[in-house]
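# Structural overview for review
Each chain, letter by letter, is given below.
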Amino acid sequence: MNNNLLILDFGSQYTQLIARRVRELNIYCEIHPYNKIPKKLDTFKAVILSGSPSSVRSDEAPHPDLSEIRGKKPLLAICYGAQYLAQFCGGLVSPSNTREYGRANLSFIKSEDILFKNISEGSQVWMSHSDTIEKLPTNGVLLASTNDVKNASYRIEGESTYALQFHPEVYHSTDGKQLLQNFLVDIAEIKQNWTPDSFVEKTVSSLKKELGNDKVILGLSGGVDSTVTAVLLNKAIGKNLHCIFVNNGLLRKNEFKDVLKQYEGMGLNVKGVDASERFLSALKGITEPEEKRKIIGRVFVEVFDDESKKIENAKWLAQGTIYPDVIESVSVNGGPSVTIKSHHNVGGLPSYMKLKVVEPLRMIFKDEVRRIGTSMGIDKNLLGRHPFPGPGLGIRILGDITADKVCILQDVDYIFINGLKEFGLYDKVWQAGAILLPINSVGVMGDERTYEKVVALRAVESTDGMTADWVNLPYDFLQKISNRIINNVKGVNRVVYDISSKPPATIEWE
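Computed from a prediction, not measured in an experiment: that's the story for all the values here.

## Some points on the overall build of the protein
- Of the regular secondary structure elements, the protein holds 13 helices and 18 strands.
- Radius of gyration (C-alpha) of the protein: 25 Å, near the 24 Å computed for a compact globule of 510 residues.
- In terms of overall dimensions, the protein has C-alpha extents of about 75 × 65 × 40 Å along its principal axes.
- Going through the 510 residues of the protein one by one, you find that 58% of them count as buried.
- Put simply, of all contacts in the protein between residues at least 6 apart along the chain, 74% involve residues at least 24 apart.
- Taking the average location of the 61 positive side-chain charges in the protein and that of its 61 negative ones, the two points are 4 Å from each other.

## Describing helix H10 (residues 366–375)
- Judged by how many residues are buried, H10 sits mostly within the fold: seven of 10 residues are covered.
- Against helix H1 (15–24), helix H4 (196–211), helix H5 (224–237) and helix H11 (380–383) lie the buried residues of H10.
- Within two residues after H10, Gly377 carries a phi angle of roughly 80°, on the positive side.

## Comments concerning the layout of surface pockets
- Its boundaries defined by the atoms lining it, the second largest pocket holds a volume of some 750 Å³.
- As for the second largest pocket, its lining consists of 23 residues, of which Tyr28, Glu30, Phe199, Lys202 and Thr203 are closest to the centre.
- Counting only elements with at least two residues in the lining of the second largest pocket, the list comes to strand E2 (28–33) and H4.
- Tallying contributions element by element places H4 first for the lining of the second largest pocket, with seven residues.

## Describing helix H8 (residues 289–308)
- For H8, built from 20 residues, the straight-helix expectation of 28 Å at 1.5 Å per residue is met to within 8% by its first-to-last C-alpha distance of 28 Å.
- Two or three places before Glu290, at the start of H8, stands the capping residue Glu288, its side-chain oxygen 3.1 Å from that residue's backbone nitrogen.

## Overview of the nonpolar core
- Counting residues in hydrophobic clusters, the biggest one holds 50 residues, and the most contacted among them are Val412, Phe416, Leu420, Leu473 and Ile485.
- A total of eight residues in this core trace back to one element, the largest contributor, which is helix H12 (residues 403–422).
- Those residues in contact with Phe416, other than ones at most four positions away along the chain, are Ala432, Gly433, Leu457, Arg458, Ala459, Leu473, Phe477 and Ile481.
- Listed in part, the 39 residues of the second largest apolar core include Ala19, Leu25, Leu180 and Ile187.

## Topic: empty space enclosed by the protein
- Applying the stated rule across the entire model yields four cavities of 30 Å³ or more.
- Computed from the structure, the second largest cavity encloses a volume of approximately 50 Å³.
- Considering the residues around the second largest cavity, the lining is formed by 13 residues, among which Ser123, Val125, Phe166, Asp175 and Gly176 are closest to the centre.
- Within the residue set of the lining of the second largest cavity, elements represented by two or more residues are strand E6 (124–135) and helix H3 (176–187).

## Notes on the packing of helix H7 (residues 276–283) against H8
- Two elements in contact, H7 and H8, have axes separated by 10 Å at closest approach and are oriented at 145°. For the pair H7 and H8, the crossing hand works out as right-handed. Contacts from Arg278, Phe279, Ala282 and Leu283 in H7 reach Lys292, Ile295, Ile296, Arg298, Val299, Phe300, Glu302, Val303 and Asp306 in H8.
- In the contact of H7 with H8, the residues fall into eight nonpolar, no polar and five charged.

## Focus on the state of the cysteines
- Under the defined criterion, the tally for this structure stands at zero disulfides.
- Left unpaired, Cys79 is separated from the closest cysteine sulfur, that of Cys89, by 17 Å.
- Accessibility expressed as a relative area gives 4% for Cys79, which makes it buried.

## Quick notes on the packing of aromatic side chains
- Taken as a whole, this structure holds 11 aromatic pairs when the rule is applied.
- Between Trp470 and Tyr497, the ring centres sit 6.4 Å apart and the planes meet at 75°, which makes this aromatic pair edge-to-face. Here the residue Trp470 occupies a position in strand E17 (residues 469–470), and Tyr497 occupies one in strand E18 (residues 492–497), the gap between them amounting to 27 residues.
- Among the aromatic residues, those joined into a ring-pair cluster are Phe10, Tyr34, Tyr80, Tyr84 and Phe88.

## Overview of unusual backbone geometry
- Following Lys502, the chain continues into Pro503 via a peptide bond in cis, with omega recorded as -15°.
- Cis geometry marks the peptide bond from Pro503 to Pro504; its omega dihedral reads 15°.
- Tracing the backbone shows Pro504 in the segment after E18.
- You will see that Asn118, though not glycine, has its phi angle at about 65°, which is positive.

## Things to note about the side chain of Arg396
- Structurally, the position occupied by Arg396 is in the loop between H11 and H12.
- Looking at Arg396, the relative accessible area reads 2%, which means it is buried.
- Here Glu508 takes part through its side chain, which lies 2.8 Å from a polar atom of the side chain of Arg396.
- Residues contacting Arg396, with those up to four places away along its chain left out, are Arg252, Phe388, Pro389, Leu409, Asp413, Gln431, Ala432, Gly433, Ala434, Ile435, Leu436 and Glu508.

## Quick notes on the environment of Asn193
- Note on placement: Asn193 falls in the loop between H3 and H4.
- Take Asn193: its relative accessible area is 42%, and that puts it in the partly exposed class.
- With 116 residues separating them in the primary sequence, Asn193 and Ala77 have C-alpha atoms 24 Å apart.
- Those residues in contact with Asn193 that sit more than four places away from it in its chain are Asn3, Asn26 and Ser198.

## Quick look at the pattern of salt bridges
- All told, the structure shown has 29 salt bridges when counted by the stated rule.
- Between Arg21 and Glu24 there is a salt bridge; the shortest N-O distance is 3.2 Å. Here the residue Arg21 and the residue Glu24 both occupy positions in helix H1, the gap between them amounting to three residues, near one helical turn.
- Residue class for Arg21 comes out buried when judged on its relative accessible area of 18%.
- Ionic pairing is found between Arg278 and Asp306, a salt bridge with its closest N-O pair at 2.6 Å. Residue Arg278 is found in helix H7, and its partner Asp306 is found in helix H8; the two are separated by 28 residues along the sequence.

Calculation rules
Residues numbered from 1 in each chain as written. Predicted model: local features only at pLDDT ≥ 70, side-chain atom pairs only at ≥ 80, totals over all residues. Heavy atoms only, no water. Helix = DSSP H or I, 4+ residues; strand = E, 2+ residues; numbered from the N terminus. Rg over C-alpha atoms; globule rule 2.2 N^0.38 Å. Buried < 20%, exposed > 50% of the residue type's maximum accessible area, 1.4 Å probe, protein only. Contact = heavy atoms within 4.5 Å. Lys, Arg positive; Asp, Glu negative; His and termini not counted. Charge placed at Lys NZ, Arg CZ, Asp CG, Glu CD. 1 Å grid on protein atoms, 1.4 Å probe; cavity = no way out; pocket = protein on both sides within 12 Å on 5 of 7 lines; lining within 4 Å. Points joined across faces, edges and corners; volume = space filled by probe spheres on them. Expected span 1.5 Å × (residues − 1). Polar contact = N/O pair within 3.5 Å; in protein donor to acceptor, adjacent residues only side chain to side chain. Core = buried A, V, L, I, M, F, W, Y, C linked by side-chain atoms within 4.5 Å. Axes fitted to C-alpha atoms, helices over the stretch in contact; angles between N-to-C directions. Left-handed = near helix turned anticlockwise from the far one by under 90°. Nonpolar A, V, L, I, M, F, W, Y, C, P; charged D, E, K, R; others polar. Disulfide = S-S within 2.5 Å. Phe/Tyr/Trp six-rings, centres within 6.5 Å; stacked < 30°, edge-to-face > 60°. Salt bridge = Lys/Arg side-chain N within 4 Å of Asp/Glu carboxyl O.

Set out below in structure tokens:
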């Protein structure tokens, strides 16, 4: 039996946070939709049921068959999961008089139960539900309460089944990580052996077996994800890896030249392809964000199709797709989570291409990618680069895209990013960039009226891009950068700073 955890997703926006917290405990986990439970359950040693926006009292509520899980594997049911077990196993769930949302404190804990080891009464938890458990399921034993929620946690006698009405995965649950550790390590007896080194060893071995002596084409972007993907594949197949760095005309200033130079000495076989005119031509007159993303993705694939024909017997296209890309592009593995936006490097290839897709990082979060890169000895400056969207500046130019607009935004972005480095702020920011707005504003320069472009600066802090807070950059820094941009970038006369967090906003504007 493997030391893996299965998370069944009922559509909660917190499901990915469960996976993040579990990975932080050096335990590997996978998210699968509740209606597509894996047939080979012996791969998993324990199961967690996620929350859900649904009510268990609804006829359309998720209703999985847990007969192969209940009583056979340690089970932790969170929020909707806890209500599901109560409603359909002899208990009762009713509507709350008020929606229970936000911080609460545990007023009672059955401290002798292993689930609450090293957790004290008064510990803060995070509630998010509109129904409440009035009666525990058959053989239910109360483990914890808050002032407003009597049945905040319970277990079912005779089996290793535990339930929580609150969300331990959310940051505001101060002892959430300890509780998850108590369940996974002490109750489920899962070993904490999923580390960057173990991931590299297992992945390289798997790639060798999957790819054999086949040739693989990989699109390098200069970013962390594609670089770590390249090094992993290079370890597995060496000279059979052919890396291509495409200039889509939407890169940062000097990036095409700088990135190619960056890979010198890394032992990677890299070819630069300037397709900027091809991309800009295809995007001419297009303003709708999703259409721009799809065009950039389509041309990206077309360029790779052209290049693949120049490499004899190339059979695979490698991509640096990571877990948040997959989660935001489609429902989790076909499950109930909501689609936010499409990603150009997620999904299958068109039928006319003869390349199969390999994505070694598909189940990995961004911070884990960096740790994996560190374990393989990749330069820390490269690993420390901020994430940059696959469609590049194409989704930071609101409205139609032209070569002149690209040049303006490249110059603005260059001043902003280098300013962050100059003032020692770059490593304190997870991602930063500039956005060119589709409006002009009135200004005054040298006693003359101007009517020029407006740019927005964006800087956020995050761990994986699933949630993000805007960074409170010093006012004097913003003032100096604003002055530099307006004085040095022709066509811009106004600079604003974006103070929106994700959610409700997304990191990128498009």
